[in-house]
Amino acid sequence: MNLVIKVGIALIGILVALVGLGWLGLQVQPKPFPAYPERTPSLSTVELPADLPPPVARYYRAIIGERIPVIESAVITGRGRLRIKGITFPARFRFTHIAGQGYRHYIEATIFGYPVMKVNEWYLDGRARMELPVGVIENEPKIDMAANLSLWGEAVWLPSIFVTDPRVRWEAVDDTTARLIVPFDGGEDAFTVTFDPQTGLIRAMEAMRYREATDEAKIPWRNEPLGWQTFHGVMIPSPAATTWLDEGTPWAVWTIEDVAYNVDVSEYIKARGY
């Protein structure tokens with residue numbers, strides 16, 4: 001066997017080993033972030049509004065009951081999986097919300113449990129800023145509009161806001177569907193929300209959303225509960241999948257591990273990292 005063939009075989013072996021090592025690293029879940037240090041206080045409640053469309057009222061009775069907690073902030077922590085450039089990474093995340101006003105996202109994609117990509121994103125005062133591994137995106141109107149939909153899509157994890165915020169309203173469609181109208185920059189945007197006829201729980205929330213600042217048209221975007229967990233007396237989606245419908249399969253699956261409601265995030269929402 002000549003030297004060229006030997007070197008070729010050796011290189012193939014190294015490549016196979018590296019691919020196998022990479023695959024193994026993508027199977028290792030990172031450690032969870034520590035719980036937010038401030039814990040949820042006792043939550044005040046209001047009565048469930050009497051004028052909700054039937055599937056919406058049934059949903060709230062299923063996840064909370066007749067008394068709705070007033071939620072003003074949330075820190076949502078968990079782990080999941082993110083598909084980036086065709087590769088699915090284990091991830092851990094922390095989403096911080098001032099209810100109906102703004103958010104901060106901190107996300108780490110990992111290999112062997114160690115971060116290889118970090119994302120810091122903010123949507124504050126109606127403007128989005130994204131610090132990504134490829135650079136910073138800001139001052140982009142289409143990204144601002146997309147971030148506003150993220151704000152309200154993630155509000156399924158603090159669902160009281162859909163009935164306690166006077167800027168939000170529900171419109172009846174049929175026995176298992178309603179439109180959720182949310183504010184945006186002096187106007188409005190909307191989700192189509194479908195509910196399971198047996199459980200009353202949300203089956204999917206869909207909206208038309210820009211994916212990139214350069215997109216000429218919006219793309220159908222879906223948030224879909226894959227399970228449900230209860231935190232502080234509120235049942236929320238977990239795991240939950242996020243899908244661009246032109247891709248066909250979820251690019252992200254989020255599993256919630258800790259939620260803190262009505263904690264002080266006034267400074268934390270402007271910070272970086274966890």
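Above this note sits the structure.
All values derive from a computational prediction rather than experimental measurement. Every chain is numbered on its own, with residues counted from 1 as its sequence reads. Local features in a predicted model are, by the rule used here, given only for residues with pLDDT of at least 70; side-chain atom pairs are given and counted only at 80 or more, and totals for whole chains, interfaces and linings are based on all residues. To obtain the side-chain values, all non-hydrogen atoms of the structure were used and water was disregarded.

Peer 1: I would appreciate a short explanation of the layout of surface pockets in the present structure.
Peer 2: Summary: where empty space remains is shown by rolling a probe the size of a single water molecule over the atoms. Its boundaries defined by the atoms lining it, the largest pocket holds a volume of some 1,300 Å³. Forming the walls of the largest pocket are 48 residues, and the residues nearest its centre are E121, M130, L132, W244 and W251. Numbered from the N terminus, helices here are DSSP runs of H or I no shorter than four residues, and strands are runs of E no shorter than two. Broken down by secondary-structure element, the contributors of at least two residues to the lining of the largest pocket are β3 (73-84), β5 (102-111), β6 (114-124), β7 (127-132), α3 (141-153), β12 (202-209), β13 (219-225) and β16 (240-244). Grouping the amino acids of the lining of the largest pocket by side-chain chemistry returns 32 nonpolar, six polar and 10 charged. The distinction between a cavity and a pocket rests on a 1 Å grid over the protein atoms alone: a 1.4 Å probe fits inside a cavity but cannot get out, while a pocket stays open yet meets protein on both sides within 12 Å along at least five of seven lines, and a residue with an atom within 4 Å of a point counts as lining. Grid points are joined across faces, edges and corners, and a volume is the space filled by probe spheres set on the points. One number sums up the size of the second largest pocket: a volume of about 200 Å³. In this structure, the second largest pocket is lined by 13 residues; those nearest its centre are Q101, Y123, G126, N148 and R167. Polar here means any residue other than Ala, Val, Leu, Ile, Met, Phe, Trp, Tyr, Cys and Pro, which are nonpolar, and Asp, Glu, Lys and Arg, which are charged; Gly is therefore polar.

Peer 1: Whenever I open this one, unusual backbone geometry confuses me. Can you help?
Peer 2: Glycine aside, a negative phi is what most residues show, and trans is what most peptide bonds show. With an omega of -5°, the peptide bond running from S238 to P239 counts as cis. On the secondary structure map, P239 appears in the loop between β15 (234-237) and β16. In this structure, K85 takes a positive phi of about 50° despite not being glycine. In this fold, K85 is placed in the loop between β3 and β4 (87-98).

Peer 1: Explanation requested: the packing of aromatic side chains in the structure shown.
Peer 2: The description of an aromatic ring pair rests on the distance of the ring centres and on the angle between the ring planes. The rule is short: rings of Phe, Tyr and Trp, with Trp giving its six-membered ring, pair when the centres are within 6.5 Å, and they are stacked under 30 degrees, edge-to-face over 60, tilted in between. For the coordinates displayed, the defined rule picks out 17 aromatic pairs. Consider the rings of F93 and W254, whose centres lie 5.1 Å apart with planes at 85°: the pair is edge-to-face. Of this pair, F93 sits in strand β4 while W254 is found in strand β17 (residues 252-261), placing the two residues 161 residues apart along the sequence. Here the two residues F93 and W254 agree in accessibility, since each one is buried. Centre to centre, the rings of F95 and W157 are 6.1 Å apart; their planes meet at 35°, and the pair counts as tilted. Highlighted residues: F95 in strand β4 and W157 in the loop between α3 and α4 (161-164), separated in sequence by 62 residues. Side by side, F95 and W157 carry an identical accessibility label, which is buried. Three or more aromatic residues link up through ring pairs in this structure, and these residues are Y59, Y60, W152, F162, W170, F195 and W228. Its guanidinium or amino end placed over the ring of Y268, R104 lies 4.5 Å from that ring's centre, counting from NZ or CZ. Criterion for a charge above a ring: Arg CZ or Lys NZ at most 6 Å from the ring centre, at most 35 degrees from the ring normal. Just above the ring of W244 sits the side chain of R211; from NZ or CZ to the centre is 5.2 Å. Think of it in three bands: residues with accessible area under 20% of the maximum for their type are buried, residues over 50% are exposed, and the middle band is partly exposed, with areas taken using a 1.4 Å probe on protein chains only.

Peer 1: Would you mind going over the environment of F95 with me for this structure?
Peer 2: On the accessibility criterion, F95 (2% relative accessible area) is buried. As for F95 and V28, which are separated by 67 residues in sequence, their C-alpha atoms are 22 Å apart. Should any heavy atoms of two residues lie within 4.5 Å, those residues are considered in contact. Setting aside residues no more than four positions away along its own chain, F95 makes contact with A74, V75, I76, R104, H105, Y106, I107, E154, W157 and W254.

Peer 1: Any chance you could explain the pattern of salt bridges here in plain terms?
Peer 2: Here the idea is simple: oppositely charged side chains can pair when their charged atoms come close. Salt bridge, as used here: a side-chain nitrogen of Lys or Arg that lies within 4 Å of a carboxyl oxygen of Asp or Glu. Counted under the stated rule, the structure contains 19 salt bridges. We note a salt bridge from E66 to R61, for which the minimum N-O separation is 2.6 Å. The residue D165 makes a salt bridge to R167 at a minimum N-O spacing of 2.7 Å. Residue class for D165 comes out buried when judged on its relative accessible area of 8%. A residue is classified by how much of its surface remains accessible, and R167, at 35% relative accessible area, is partly exposed. Each of the salt bridges in this network shares a partner with another, and the network as a whole consists of R83, R211, D246 and E247.

Peer 1: Mind showing me how you'd approach α3 here?
Peer 2: Given 3.6 residues per helical turn, the α-helix brings residues three or four places apart onto the same face. The first and last C-alpha atoms of α3 sit 18 Å apart over 13 residues, in line with the 18 Å expected at 1.5 Å per residue. Most of α3 is tucked away: 10 of the 13 residues are buried. For α3, the full list of buried residues reads I143, D144, A146, A147, N148, L149, S150, L151, W152 and G153. To estimate how far a helix should reach, multiply one less than its number of residues by 1.5 Å.

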